[in-house]
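An overview of the molecular structure
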Amino acid sequence: MDVVLLSRIQFALTIAFHYIFPPLTIGMAVVMVFLEGRFLRTKQPIYEVAAKFWTKVFALNFAIGVATGIVMEFQFGTNWATYSRFVGDVFGSALAAEGIFAFFLESGFLAILVFGWDRVSPAMHFFSTLMVAVGSIFSSVWIVVANSWQQTPAGHHIVQMMRDGEPLMVDGQPVFRAEIVDFWALVFNPSTMHRLVHVWIGAFIVGSFFIMSISAYYLLRGRHLDFARRSFSGALVLATVSSLAALISGHFQANNVYRYQPAKLAAFEGHYTTGPADMSLFGIPDDETETIRFNIAVPGGLSFLLHEDFSTPVVGLDRFRPEDRPPTLLPFASYHIMIGLGMAFIALTLTASFLLWRGRLWNTRWLLWVFVFAVGGAMVSNQLGWVAAEVGRQPWIVHPPVEWTPDGALVVGPSGVVEYDETVGLRTVDAVSPSVDAGQVLGSVIGFGLIYLLLGTVWVFVLDLKIRHGPDAPDDSIGSVGDGLLETATRRPTRAAGMTGPRNDSEDRKA
Amino acid sequence: MEFETLCIIWFLIEGVLLAGYAVLDGFDLGVGILHPFVAKTDTERRLSMNSIGPLWDGNEVWLVTFGGALFAAFPNAYATVFSGFYTAFMLLLFALIFRAVSLEFRSKIASDRWRRFWDWGFFGGSFLASLLFGVAVGNAIAGMPLDAEGNVLASVLDQLNPYGLLVGLMTVSMFALHGGLFLYLRTEGEFQARLRDWMWRSWGLFLVTFMLTTFYTVAKVPRATANFEHYPALVGLVVVAIFAVANIPRCLYWGRPGQAFLSSTVVIVSQVALFGAALFPNLVTASNDPALSVTIFNAASSVKTLNIMLLIAVIGMPFVLTYSGIIYWTFRGKVTIGEHSY
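Fair warning: this is a prediction, and the values are worked out from it, not measured in the lab.

Moving on, we come to the overall build of chain B. Looking only at helices and strands, one finds 13 helices and two strands in chain B. By the compact-globule yardstick of 20 Å for 342 residues, chain B fits well, its C-alpha radius of gyration being 20 Å. Each principal axis of the C-alpha atoms in chain B carries an extent, and together these give about 55 × 40 × 35 Å. Expressed as a percentage of the 342 residues in chain B, the buried residues total 58%.

Here you go:
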């Protein structure tokens, strides 16, 4: 295998494993801020119990996120040296800003969040939780800015590199690089906001489904009922709103992709031939025949979504040279499965919200069982969204722009295909490190594979232990008094009839 | 500002970030290196880990920011260094991953075998990371063959040369000493008393490797000492380093661990400063042809980017120092084991 393929495999492996954790911590941090805020306001111990339990789980997730995140920062240089030289002036500043503005904030206040319960006042602790949440959201900002710039570059120009006043030539060819012209245009490049919002929504979905999964498990087992109901309800609100928002945000994002990366959207939709476009719901794109096998489609659906008209032509892959087209199968499949999962989240959260409102959720056991496992779907959909975005960007690592005429037609060359300006983009095959050979990358791929397998296994194992252990009792020192307060505070006569089984759980009673 | 001025400012900022990392994560790594030797019981091991528990993560961010700033300010150097030291950096990443997760995982299960495994992960990760930092620094000073674009033409085996390993060992002992002093300040009783011997040992090892490195550099790496001829004032750095090294046994003898820790901090800062002085204005020296060296001028980003980055640093650093101050103040004093500890 060659260095390019191996480097891509390594990047995909390390980013996919890393990306299990940031959405979890971003989403969980929001719920923790809510729970701890409730505790400060109401002083009900159950909220403190909940905040402490989720903090422990959060710390575990965060630690692996940090450990695997440092890999990402260095990997641009180790494996993608040519890319780093080309984009460092632009892309590097976003990463540096991330370090200074986000990582210090997160990691500093994380210390107080995790270790500082007894060392600072409750208000200061709440402030720290808030800062960790803000920091984790900030960190998503800068990396998404950097990635969006790769998709829809803006705010820069391409210049020839100089060495001691002479143009730098390598193998007789001049060397170019991107330099910042307008920092804010770079930050708010055409896709940043769409993608950032979608990433946040995805993170909120993962975080809230994670909390609902563990809570549903407790509810089904009849343990920590009060804790589990409050955590579940809080997370359900976030999950319902986020699932609906994901649909809306996804729609606008697809329009944006079509405007700036039409080949990518064509790959998402398996749309080969320019013309009125159906919206395929299921199928397998076949590059040989340029059709979708086993296709089930809404006629004119894609035309409608992009142009509010069922027969307006949509640019297909035939407007691009074969060497300028992204692969179709992987983007098509990941994009469709992501949307399918998103629709399922909407159905699931709306059903659960309705049942919660009717007071029947806690004894709808099948639905709770679905929620125990739905977090897997939430994680998968986040991963697939990125697969679609990054594989769909191929063959470019920095996507050159396309142009449209004022009346909305794609500008093509004399041969009827888009003629990209090669000097303003960079192909993935040209981006790797010249000084690294395939054997080295193979070695590190195997190394990462083994280490991440170990980490993943241990993570699941330790997480399982924490879940089995469950939240601690509110405060051991006040014993039965705490029990009384808790009971009084949480008794809701209308719901009492709907509780799952008798309250015979020993840990729950002890509380 | 002028392009050259900005390049020099960013060279200095990188130096500050690297020194910040070396001083702060230096004691984390040092605690990791020393802990199998000094901590005999499970409680002592937990004390060791919890002495750095709330701090190591923030300290590691200095490295992340150093890397990000290198990428942004000197992209050519970032690309050259990280791809040129590919295998070494992969091992470094593995080491840092193990260090991090060992801290997190160890306390989660009360089984001897489990805890011993992560103890080794903590030690191995800390030791290997320190060694590799030193190897990278040694090779950067000694220089490597480069091509016109700045790609390294040397294999990992070329990089594991005696000079690189010597600087690596010096780094290990320097961090062990620093970490030992840090742990001494944060512990009490019998455990603290046992640390004394190991502080002397790591000081001794550091002294030997420091002297060997100095002699080797003066004798065999002319490029590294060239700046000292141009700017004789730089000799002051050497004097500071020597005084700081000598001050440590004095403080240990008179029972002033705080001052000794301060001295080891000065030692580390002066080492980073000497590293910078040996390099300037190069970032990576080409051993095959000086004209191919990656310098702060031919590696730098545009004036516009350097200015923007400077603004980001000026806005951001006061915040960073404030958070760090809050965290270190919150977790001051002797370390104890509580319900939220590792």
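An α-helix turns once every 3.6 residues. As a result, residues three or four positions apart point the same way. Residue and element names in this part refer to chain A. For helix α3 (residues 45-79), with 35 residues, the first-to-last C-alpha span of 50 Å sits near the 51 Å given by 1.5 Å per residue. Its axis deflected by about 35° at E73, α3 carries its strongest bend there. Taking burial as the measure, the 35 residues of α3 include 30 buried ones, the bulk of the element.

All right, on to helix α1 (residues 3-38) of chain B then. The end-to-end C-alpha separation of α1(B) is 51 Å, in line with the 52 Å expected for 36 residues at 1.5 Å each. Approximately 35° is the largest bend angle found in α1(B), and it occurs at G26(B).

Once that is clear, we can look at the packing of helix α4 (residues 81-115) of chain A against helix α3 (residues 56-73) of chain B. At their nearest, the axes of α4(A) and α3(B) sit 6 Å apart, and the two run at 165° to each other. Relative to α3(B), the element α4(A) is oriented roughly antiparallel. Viewed along their axes, α4(A) and α3(B) form a crossing whose handedness is left-handed. Here the residues of the contact of α4(A) with α3(B) are counted per class, giving twelve nonpolar, ten polar and two charged.

So, about the interface of chain A and chain B. Taken together, the 61 residues of chain A in the interface contact 58 residues of chain B. Considering each element in turn, the side of chain A that touches chain B owes the most residues, 25 residues, to α4(A). A breakdown of the residues in the side of chain A that touches chain B according to their chemical character gives 37 nonpolar, 16 polar and eight charged.

The next point concerns the nonpolar core. Counting 262 residues, the largest nonpolar core has V31(A), W54(A), L93(B) and L132(B) as its most contacted members. Considering each element in turn, this core owes the most residues, 22 residues, to α4(A). Setting aside its immediate chain neighbours within four residues, L132(B) contacts A88(B), L91(B), L92(B), A95(B) and G168(B).

Turning our attention to the confidence of the model for chain A. Looking at chain A, the pLDDT average stands at 85 and 92% of residues meet or exceed 70. Here residues 475-511 of chain A scores under 50 on pLDDT; set against residues more than four positions off or in separate chains, the count is 39 contacts.

The amide bond that connects Q394(A) to the next residue, P395(A), takes the cis arrangement and shows omega of 5°. Relative to the elements of secondary structure, P395(A) occurs in the loop between α12 (365-393) and β11 (396-398). A cis amide bond links F280(B) to the next residue, P281(B), at an omega of -5°. Here the phi dihedral of E290(A) falls at roughly 55°; this positive angle occurs in a residue that is not glycine. Here E290(A) shows up in the loop between β8 (279-286) and β9 (291-298).

Calculation rules
Residues numbered from 1 in each chain as written. Chains lettered and ligands numbered in written order. Predicted model: local features only at pLDDT ≥ 70, side-chain atom pairs only at ≥ 80, totals over all residues. Helix = DSSP H or I, 4+ residues; strand = E, 2+ residues; numbered from the N terminus. Rg over C-alpha atoms; globule rule 2.2 N^0.38 Å. Buried ≥ 20, exposed ≤ 12 C-beta atoms within 10 Å, placed from the backbone. Expected span 1.5 Å × (residues − 1). Bend = angle between axes of the 7 residues up to and from the residue. Axes fitted to C-alpha atoms, helices over the stretch in contact; angles between N-to-C directions. Parallel < 35°, antiparallel > 145°, perpendicular 65-115°, else oblique. Left-handed = near helix turned anticlockwise from the far one by under 90°. Nonpolar A, V, L, I, M, F, W, Y, C, P; charged D, E, K, R; others polar. Contact = placed C-beta atoms within 7 Å. Core = buried A, V, L, I, M, F, W, Y, C linked by C-beta atoms within 7 Å. pLDDT = per-residue confidence, 0-100.

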